[in-house]
Amino acid sequence: MQFISTRGQVPPVSFSTAVAQGLAPDGGLYLPEQLPDLKPYLAEWSKLSYAELCEVFFAIFATDIEADELKKIVTRSYTKFDHADIAPIVKLDDDRYVLELFHGPTLAFKDFALQLLGNLYESQIARTGNRISVLGATSGDTGAAAIHGLLGKEGVTTFILYPDGRISPLQERQMTCTGADNVFPLAIKGSFDDAQTAMKTVFEDREFAAEVGLSAVNSINLARILAQCVYYLSAYFRLPEDVRDDITFVVPTGNFGNVLAGWLVQRMGLPIKGFRVATNQNDILHRLFESGTYQLDEVAPSVAPSMDIQVASNFERFLYYAEGQDSEKVREIIQTFKETGKYVFENFDRAGFSSSRTDDAQIAAIIKDVYAKYGYVADPHTACGFSDGFEGKEIILSTAHPAKFPDTIQDAIGEDSTHPSLEELKSREIVKYSVEPTPEAIKAFMRARV
Ligand SMILES: Cc1ncc(COP(=O)(O)O)c(C=O)c1O
Ligand SMILES: N[C@@H](CCOP(=O)(O)O)C(=O)O
């Protein structure tokens, strides 16, 4: 299997190269040259454990990794989850289910891919003998999950940019209280978008990338998306047979990586009925799916801070398919959007997506209502999935544990939400750094430390 860039200006590469580069050298995002047809495998796969499912799925893509090595990597990646099902499903009533994706070590859905990516990087370092420098941008969860996926791995230095004061205090502690001397949490003034834009520009400097062995942990890295595909397969197989073909997957959305993974699995043949993109008040994607216009707005801090994103990275992967795999058109749209902050699609095709928007007041009301009705505590991101006026059956992806956002939960239901792994962080020393969100400043900081 080979991987191509959405911008079409570099030759296809192997799985390991796509993972090692993160962003393609032409600034595009990697995708499989062809999407496989999973239909012939589905009956057999429905009987597998989570790790086995992940292994057979990855074997289709990671064709340049030995089968034994892949098995070891995948098996190790799901040992630190605190639920036997890894991604358990909770039934709230006949029409509403929740897919809990917060049972990993940092209590957010990012652990599914970042435990795996950490082990893929470890295997790559052992194979090549080359050290790597990981650079990521986070609005709260990716950074923590990346740091914990890489913690203790030889040959890795980790740098994570995050918007100072715009993530929850416990999310910050997950990144800044590790005590590790090869982990650099970098607080910036500005928004997640500022951090992500600066990070992408650093990746475009191929000389610097080669100099420091630059690697990516954000969902620009295709391995992230592929690992996230697996829980859609697992959820589909675990839903009751009379429900699974008739249920919409509702996905709290920011950078569009989570829902894109589900949409790709659907394109590979898993008969998912449809998807709802659930945004917070940073609603560029909701406005797009409603109107066909993709228009930038200021990032507005919200009580669901990990979704405080306007420029959604993975929208480019969706575009590639929506525009008939025409890389030239993708380049034109991305360029127009970069220059003007807007792109108007003619005859926009929603491609099976519906969407919703939930503001802070609604999030608080939803957390309260869901608790009153079902006794279930939804975190503020998950709450965006419970919008009013849904029709039919829905499975809402619960993307983070509520204990990461205790103040919002306390305000909404008057009760504490805690988790032992977070309590334990409260007495630890915070170590963080400040950097200007410019590619030059970030590169200088990294050069001085690798
Ligand atoms: C808790 C939580 N929910 C939802 C999202 C949105 O996911 P995505 O960026 O893949 O759309 C994020 C961040 O990515 C998150 O951390
Ligand atoms: N919400 C994310 C933002 C980055 O998303 P990613 O999926 O591209 O890593 C976060 O918590 O950092």
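Each residue is numbered by its place in its chain's sequence as written, counting from 1. All chains are assigned letters beginning with A, and all ligands numbers beginning with 1, in the order in which they are written. Totals for whole chains, interfaces and linings use all residues, but because this is a predicted model, local features are given only for residues with pLDDT of at least 70 and pairs of side-chain atoms are given and counted only at 80 or more. Note that the side-chain values use all heavy atoms of the structure and ignore hydrogens as well as water.

- As recorded by an unreviewed UniProt entry, the chain carries the name Threonine synthase and is attributed to Coraliomargarita algicola.
- UniProt positions are given in the numbering used here, feature names are shortened, and annotations may be inferred rather than shown by experiment. UniProt lists a comment for the chain under the heading Catalytic activity (unreviewed entry), and it reads "O-phospho-L-homoserine + H2O = L-threonine + phosphate".

Remarks on the pairing of strand β4 (residues 96-100)
Here's step 1: In terms of residue burial, β4 counts as a mostly covered element, since five of its five residues are buried.
Here's step 2: For every residue, the accessible area (1.4 Å probe, protein chains only) is compared with the maximum for its type, and the residue is labelled buried under 20%, exposed over 50%, or partly exposed between those bounds. By the criteria applied, helices consist of DSSP H or I runs no shorter than four residues and strands consist of E runs no shorter than two, each listed in order from the N terminus. Residues R96, V98 and E100 of β4 are buried on one face, and the alternating residues Y97 and L99, pointing to the opposite face, are buried as well.
Here's step 3: At least two bridges found by DSSP between two strands are what make those strands a pair. In this structure, strand β3 (residues 89-93) lies alongside β4, joined through four bridges in antiparallel fashion. Across the sheet, D93 pairs through a bridge with R96, a residue of β4.
Here's step 4: Between β3 and β4, which pair antiparallel one after the other, the connecting turn spans two residues.
Here's step 5: Here β4 runs beside strand β14 (residues 393-398); their pairing, made up of five bridges, is parallel. Across the sheet, L99 pairs through a bridge with L397, a residue of β14.

Some points on the site of ligand 2
Here's step 1: By nearness alone, 13 residues border ligand 2, and T138, D141, T142, S219 and N255 come closest of all.
Here's step 2: For this analysis, a polar contact is any N or O atom pair within 3.5 Å, provided that within protein one partner can donate a hydrogen and the other can accept it, and provided that sequence-adjacent residues contribute only side-chain to side-chain pairs. S139 has a polar backbone atom sitting 2.8 Å from an oxygen atom of ligand 2.
Here's step 3: Residue N255 places a side-chain N or O atom 2.8 Å away from an oxygen atom belonging to ligand 2.
Here's step 4: The protein chains shown are the only cover counted for residues, whose accessible areas, like all others here, come from Shrake-Rupley with a 1.4 Å probe. Protein coverage of the free-state accessible area of ligand 2, which is 340 Å², stands at 96%.
Here's step 5: The residue classification treats Ala, Val, Leu, Ile, Met, Phe, Trp, Tyr, Cys and Pro as nonpolar and Asp, Glu, Lys and Arg as charged. All others, Gly included, are polar. Along the lines of polarity and charge, the residues of the shell around ligand 2 split into two nonpolar, eight polar and three charged. In these notes, residues near a molecule or strand are those with any non-hydrogen atom within 4 Å of it.

What about the site of ligand 1?
Here's step 1: Close contacts around ligand 1 come from 15 residues, with K110, D141, G254, N255 and T399 the closest.
Here's step 2: In the model, an oxygen atom of ligand 1 is placed 2.6 Å from a nitrogen or oxygen of the D141 side chain.
Here's step 3: In this structure, an oxygen atom belonging to ligand 1 sits 2.6 Å away from a main-chain N or O atom of N255.
Here's step 4: For ligand 1, the protein covers 98% of the area, taking 380 Å² as the surface of the free molecule.

Some details on helix α12 (residues 284-291)
Here's step 1: All of the buried residues along α12 are I284, L285, H286, L288 and F289.
Here's step 2: The contact definition used throughout considers only heavy atoms, calling two residues in contact when any of these lie within 4.5 Å. Residues of α12 that are buried make contact with β10 (274-279), β11 (293-295), α13 (315-322), α14 (327-340) and β13 (353-357).
Here's step 3: Once α12 finishes, G292 follows within two positions and takes phi at roughly 80 degrees, a positive value.

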